[in-house]
Amino acid sequence: MPAGSVIAFDELMAALDINSAAALRNVETHRGLVLSDRLSDCWSPLIGKSAAMKIVASLCDEVAQTDRHLLDLALDARQNNVALQAVSADELRNTLDIARIAQALATAARSRLS
């Protein structure tokens, strides 16, 4: 990355005031719906993109109609679908763990600045 880009990126990151607690609350308020693409991407190699998107869309509808979190519904779907069991429950939790995702993004941003 050119030095000017690194400096500009560094200045941008310093100027950003991100309220991580509010961001996490926002994700949780929506019961994981903002992570639905990650879930679909996780299952696509196992059952195909179209089938994964169909299952995830159904789960999202259920999230909207209930007080359940997308992760809980995804774990149930995994239990009821042999093909989805190729992804462990822990892998699924990690896929939808917003704190882990944020940490990975922060690490990636810091490495770009180095």
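Only a predicted model underlies this, so the values are computations on that prediction, with no experimental measurement involved.

**Student:** A description of the overall build of the protein chain should follow, citing residues and the corresponding values.
**Tutor:** Regarding its fold elements, the protein chain presents 7 helices and 0 strands. Helices and strands appear in the protein chain in the N-to-C order α-α-α-α-α-α-α. A burial count over the protein chain gives 26% of its 114 residues as buried. Taking the contacts inside the protein chain whose residues are at least 6 apart along the sequence as the reference set, 57% of them involve residues at least 24 apart.

**Student:** I'd like a rundown of helix α4 (residues 49–65), residues and numbers included.
**Tutor:** Here α4 is 17 residues long and its end C-alpha atoms lie 24 Å apart, about the 24 Å a rise of 1.5 Å per residue gives. Inspection of α4 places Ala52, Val56, Leu59, Cys60 and Val63 among the buried residues, and these make up the whole buried set. Seen end-on, α4 carries its buried residues on one side only, within an arc spanning 105°. In α4, those exposed residues whose orientation departs by more than 90 degrees from the buried face are Ser50, Lys54, Ala64 and Gln65. On its buried face, α4 sits against α3 (36–47) and α5 (70–80).

**Student:** Please give an account of α5 that cites residues and values.
**Tutor:** Every buried residue of α5 is listed here: Leu70, Leu71, Leu73, Ala74, Leu75, Ala77 and Arg78. At its buried positions, α5 is contacted by α3, α4 and α6 (89–95).

**Student:** Tell me about the pattern of salt bridges, residues and numbers included.
**Tutor:** Considering all chains together, one arrives at 2 salt bridges under this definition. Taking the shortest distance from any N to any O, the salt bridge between Asp76 and Arg68 comes out at 2.7 Å. For the salt bridge of Asp90 with Arg93, the shortest nitrogen-to-oxygen distance reads 3.1 Å. Placement of both Asp90 and Arg93 in helix α6 is noted, with a separation of 3 residues, approximately one turn of the helix. Residue class for Asp90 comes out exposed when judged on its relative accessible area of 52%.

**Student:** Got a sec to walk through the packing of α3 against α4? Specific residues and values, please.
**Tutor:** α4 packs onto α3 with a crossing angle of 140° between their chain directions and a minimal axis gap of 7 Å. With respect to α4, the element α3 is oriented oblique. As α3 runs across α4, the sense of the crossing is right-handed. Residue-level inspection shows Ser36, Leu39, Ser40, Asp41, Trp43, Ser44 and Ile47 of α3 in contact with α4, the latter providing Lys49, Ala51, Ala52, Met53, Ile55, Val56, Leu59 and Cys60. The class makeup of the residues in the contact of α3 with α4 is 10 nonpolar, 3 polar and 2 charged.

Cut-offs applied
Residues numbered from 1 in each chain as written. Predicted model: local features only at pLDDT ≥ 70, side-chain atom pairs only at ≥ 80, totals over all residues. Heavy atoms only, no water. Helix = DSSP H or I, 4+ residues; strand = E, 2+ residues; numbered from the N terminus. Buried < 20%, exposed > 50% of the residue type's maximum accessible area, 1.4 Å probe, protein only. Contact = heavy atoms within 4.5 Å. Expected span 1.5 Å × (residues − 1). Arc of directions from axis to C-beta. Salt bridge = Lys/Arg side-chain N within 4 Å of Asp/Glu carboxyl O. Axes fitted to C-alpha atoms, helices over the stretch in contact; angles between N-to-C directions. Parallel < 35°, antiparallel > 145°, perpendicular 65-115°, else oblique. Left-handed = near helix turned anticlockwise from the far one by under 90°. Nonpolar A, V, L, I, M, F, W, Y, C, P; charged D, E, K, R; others polar.

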